[in-house]
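# Examining the three-dimensional arrangement
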Amino acid sequence: MAFCPRCGFELPSSGDCPVCGASARDDSASKNRPRRSERRPIRFPRILFPALIAIAAAAVVLLLLDPFKPKAPVVSTADVSPAGAPQASSGTPASPAPAASVAPADSTQLAAAPEPAASNQNTAAAGVTDSPWPKVLDTMPTTSKEAYIAWMQTHTDETAHFLELKWQRAQILVANKDITSPSLLRAFLYTPREYFVRTYNLKKAYDNTAIPIGYGQTISGPHMVANMTQSLDVQRGDRVLEIGTGSGYQSALLSELTDHVYTIEIVPQLYRETDAIYTKLSARYPEYNSILRKNADGYYGWAEHAPFQKIIVTAGIDHIPPDLLKQLAPDGVMVIPIGPPSGQTVLRIVKKPLAGGGFTFERSDIYHGTKVIFVPFTSTEGARHNVDTSGAGSGQ
Ligand code: SAH
């Protein structure tokens, strides 16, 4: 079985790579070949197993004692800052992000977070706090539009206009099988997309299209968000990492499915705007307090909070960031758009432990051959990550 020398996807018996288009005999592609250590299963010496069991036992004892449990929810307090300039068109691929640098910390690192903050990143996130389960949305009616709208008007402050649009969009998502689980349907019906779309594009909140949110970025269309989230199959209690916070909508949706959502945004201004939106909305949606967020380059994941049962990447890149594979838990699932800027394949990757040690990565294409164009996955210098050189900075 042969693998693409550039992106590592399994090659067909003949022809070019279906993911990134590289030829198996392409010398330039082979220069980008992942390092040997990234391609081989990870093996542990047998002598390590007793030590691992001892560490696991100690971790269980610590968890039972729960010494890090926060006393009360703590949130950041910034106001919503003005959105970026409107974009000329919507639904078309966004232009590359402007050069983004990691800004100095602009808001207070919040106390009492139960987990350590990133040591060398600009983290200005709310403390991770468990929101109450079962959630209020578990009682939402989903079979009658009238009952749904009446219920939502009792439990939220969304208007009948947007609730009607959201209901219609949900019917299409279900009919298209973009949503197949009741929990995702409720999460979609509950999450107020119109509060994450910037005001100049409010009318398009439930259109099936990506919408500009400033800084050359977009909020993904509802079908894409639903399909990628359904492919993740988030279970309550999963630790989910999103790379590319953008508008904040994707992680808001995830926070209705699990209490442990982590999201990273590289554009400092966008990060600050979205952080403020979460803070403002958290009075009505306390689950947004459990979205831990930071302004950083998501290429390196978030090692302090790994392993993650689920990872979702919402920007397009031509290879799988090695640190994200490392930080994926055994049996964990990653959904990531892989391919050249002209079009990406949205891969679902499952990290399967091997009987003798190490892992294998099962891959499938959630759109069965159809390419999609995402905004580019950039580095802090605004360039693209290169598989040859990026490893030098890993481990953040
Ligand atoms: N999930 C978002 C979609 C935003 S588009 C939503 O629901 O709105 C993808 C986002 O990825 C953009 O905001 C872009 O700035 C961000 N991005 C690009 N490269 C990144 C990187 N290396 N690390 C973190 N975020 C990145």
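For every chain, the first residue of the written sequence is number 1, and numbering continues from 1 along that sequence. The predicted nature of this model means local features are confined to residues of pLDDT at least 70 and side-chain atom pairs, given and counted, to a pLDDT of 80 or more, with totals for whole chains, interfaces and linings taken over all residues. Side-chain measures here rest on the full set of heavy atoms in the structure, leaving out hydrogens and waters.

### A closer look at helix α5 (residues 160-175)
By definition, any uninterrupted DSSP run of H or I lasting at least four residues is a helix, any uninterrupted run of E lasting at least two residues is a strand, and each is numbered from the N terminus. The span one expects for a helix is its residue count, reduced by one, times 1.5 Å. If you check α5, its first and last C-alpha atoms are 23 Å apart, about what 16 residues at 1.5 Å a residue would give, namely 22 Å. Buried within α5 we find F162, L163, K166, W167, R169, A170 and L173. We call two residues in contact when some of their heavy atoms are within 4.5 Å. For α5, the elements touching its buried residues are α4 (145-155), α6 (182-190) and α7 (222-232). One or two residues past the end of α5 sits K177, with phi positive at roughly 65°. For every residue, the accessible area obtained with a 1.4 Å probe (protein chains only) is divided by the maximum for its type, and the residue is called buried under 20%, exposed over 50%, and partly exposed between those limits.

### Examining the packing of aromatic side chains
Each aromatic ring pair is specified by the distance between its two centres and by the angle formed by the two planes. Classification of ring pairs uses Phe, Tyr and Trp, with its six-membered ring standing for Trp, and accepts pairs whose centres are within 6.5 Å; under 30 degrees between planes counts as stacked, over 60 as edge-to-face, and the remaining range as tilted. The final tally for this structure, using the stated rule, is 13 aromatic pairs. Both rings, one in Y262 and one in F308, keep their centres 5.5 Å apart while their planes meet at 65°; by these two values the pair is edge-to-face. Of this pair, Y262 sits in strand β5 (residues 260-265) while F308 sits in strand β7 (residues 308-313), and the two are 46 residues apart along the sequence. The two residues Y262 and F308 agree in class, both being buried. Three or more aromatic residues joined by ring pairs make a cluster, and in this case those are W151, Y190, F196, Y249, Y278, Y285 and Y288. One cation-aromatic arrangement involves R193 over Y249; the distance from NZ or CZ to the ring centre is 4.8 Å. The rule is short: NZ of Lys or CZ of Arg within 6 Å of the ring centre and within 35 degrees of the ring normal puts a charge over the ring.

### Thoughts on the pairing of strand β4 (residues 239-243)
Within β4, four of the five residues are buried, which leaves the element mostly enclosed by the surrounding structure. Bridge count between β4 and β5: five bridges; the pairing is parallel. Across the sheet, residue E242 finds its bridge partner in β5, namely T263. Place the viewer so that the strands point away; then a crossover is right-handed whenever the path from the first strand over the helix to the second strand goes clockwise. In this view, the connection linking β4 to its parallel neighbour β5 by way of helix α8 (residues 249-254) has right-handed handedness. Criterion used throughout: strands pair if DSSP finds at least two bridges between them. In the sheet, β4 pairs with β7 via four bridges, with the strands oriented parallel.

### Details of the site of the ligand
Nearness is defined per residue: one heavy atom within 4 Å of the molecule or strand is enough. Surrounding the ligand, one finds 26 residues, the nearest of these being E242, S247, E265, G298 and T378. Contact distances for the ligand include 3.0 Å between a nitrogen atom and a backbone N or O atom of G244. Between T314 and the ligand, the recorded distance is 3.3 Å, taken from a side-chain N or O atom to a nitrogen atom. Ranked by the residues each element gives to the shell around the ligand, the list is headed by strand β3 (residues 217-219), at three residues. In this count, Pro and Cys sit with the nonpolar residues alongside Ala, Val, Leu, Ile, Met, Phe, Trp and Tyr, while Asp, Glu, Lys and Arg are called charged and the others, Gly among them, polar. Each residue belonging to the shell around the ligand can be placed in one class, and the counts come to 12 nonpolar, 11 polar and three charged. N or O atoms within 3.5 Å of each other form a polar contact, as long as, within protein, one can give a hydrogen and the other can take it, and as long as residues adjacent in sequence are counted only when both atoms are side-chain atoms.

### Focus on the pairing of β7
Within β7, five of the six residues are buried, which leaves the element mostly enclosed by the surrounding structure. For β7 and strand β8 (residues 328-338), the ladder comprises four bridges, and the chain directions are parallel. Among the inter-strand pairings, I312 is bridged to a residue of β8, identified as V335. The β-α-β motif built from β7, the intervening helix α10 (residues 322-327) and the parallel element β8 has right-handed crossover chirality.

### Some words on the pattern of salt bridges
Salt bridge, as applied in this entry: a Lys or Arg side-chain nitrogen positioned within 4 Å of an Asp or Glu carboxyl oxygen. Scanning the model with the defined rule gives eight salt bridges in all. One salt bridge connects D275 with R293, and the closest N-O pair in it is separated by 2.6 Å. Placement of the pair is D275 in helix α9 (residues 268-281) and R293 in strand β6 (residues 291-295), with a sequence separation of 18 residues. By relative accessible area, D275 is classed as buried at 3%. By relative accessible area, R293 is classed as buried at 2%. We note a salt bridge from K326 to D323, for which the minimum N-O separation is 3.3 Å. Of this pair, K326 and D323 both sit in helix α10, three residues apart, which is roughly one turn of that helix. Overall, K326 belongs to the exposed group, its relative accessible area being 53%.

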